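# Descriptive analysis of the structure
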Amino acid sequence: MSRDLPSDVHTVLTQLAEAGETAISDVEFDTARQTVATAETVSRNKLPECELRSRLLHGYEQVRTALDNDDPDAAAEYLRAMHRRLVAVDDGLRSD
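### Things to note about the side chain of Ser43
Along the chain, the position of Ser43 falls in helix α2 (residues 29-46). Excluding its chain neighbours within four sequence positions, the residues that come into contact with Ser43 are Leu13, Arg53, Leu56, Leu57 and Tyr60.

This is the structure:
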């Protein structure tokens, strides 16, 4: 699976996770929502059907739900978790 993740897609998704978390910490929830929507689109269009894609899409849904329920801490934690998962994939790519 990690071999199927293009490096440019990995970079974009990592940057979007970081940007979303920053937007939440800056109390810019509309920006966070837009960032998550972009990350979701990239994941749907650029990732093959795999566990990573499923987990990321689930995470984006949870971020939106948390923001809609006025729980920015939970939304930020989901983004941190997704960022960690992407870093772990990157580490796997380098060791292959």
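Let's pick the thread back up.
### Quick word on the confidence of the model for the chain
Per-residue pLDDT for the chain has a mean of 90; in total, 89% of the residues score no lower than 70. Here helix α4 (residues 72-95) is the element of the chain with the lowest mean pLDDT, 84, and α2 is the one with the highest, 97.

### So, the nonpolar core
Of all hydrophobic cores here, the largest spans 25 residues; its most connected members are Leu13, Ile24, Leu52, Leu56, Tyr60 and Val63. Only α1 (7-25), α2, α3 (51-68) and α4 provide two or more residues apiece to this core. Here this core takes 7 residues from α3, the largest share from any one element.

### Side note on unusual backbone geometry
One can expect most non-glycine residues to show negative phi and most peptide bonds to be in trans. At Val27, a position not held by glycine, the phi torsion is positive, near 60°. Phi is positive for Asp70, close to 55°, though the residue is something other than glycine. Within the secondary structure, Asp70 sits in the loop between α3 and α4.

### Structural notes on α2
Between its terminal C-alpha atoms α2 stretches 25 Å, which fits the 26 Å expected from 18 residues at 1.5 Å a residue. Burial in α2 covers these residues: Ala32, Thr35, Val36, Ala39, Glu40, Val42 and Ser43. Along the axis of α2, the buried residues cluster in a sector spanning 165°; they form a single face. Looking at α2, the residues exposed on the side facing more than 90 degrees away from the buried face are Asp30, Gln34 and Asn45.

### Looking at the side chain of Thr14
Structurally, the position occupied by Thr14 is in helix α1. We classify Thr14 as buried; its relative accessible area is 13%. Contacts of Thr14, omitting those with residues within four sequence positions, involve His83 and Leu86.

### Overview of the environment of Leu16
Within the secondary structure, Leu16 is located in helix α1. For the pair formed by Leu16 and Leu79, sequence separation is 63 residues and the distance between their alpha carbons is 9.1 Å.

Reading the values: rules and limits
Residues numbered from 1 in each chain as written. Predicted model: local features only at pLDDT ≥ 70, side-chain atom pairs only at ≥ 80, totals over all residues. Heavy atoms only, no water. Helix = DSSP H or I, 4+ residues; strand = E, 2+ residues; numbered from the N terminus. Contact = heavy atoms within 4.5 Å. pLDDT = per-residue confidence, 0-100. Core = buried A, V, L, I, M, F, W, Y, C linked by side-chain atoms within 4.5 Å. Buried < 20%, exposed > 50% of the residue type's maximum accessible area, 1.4 Å probe, protein only. Expected span 1.5 Å × (residues − 1). Arc of directions from axis to C-beta.

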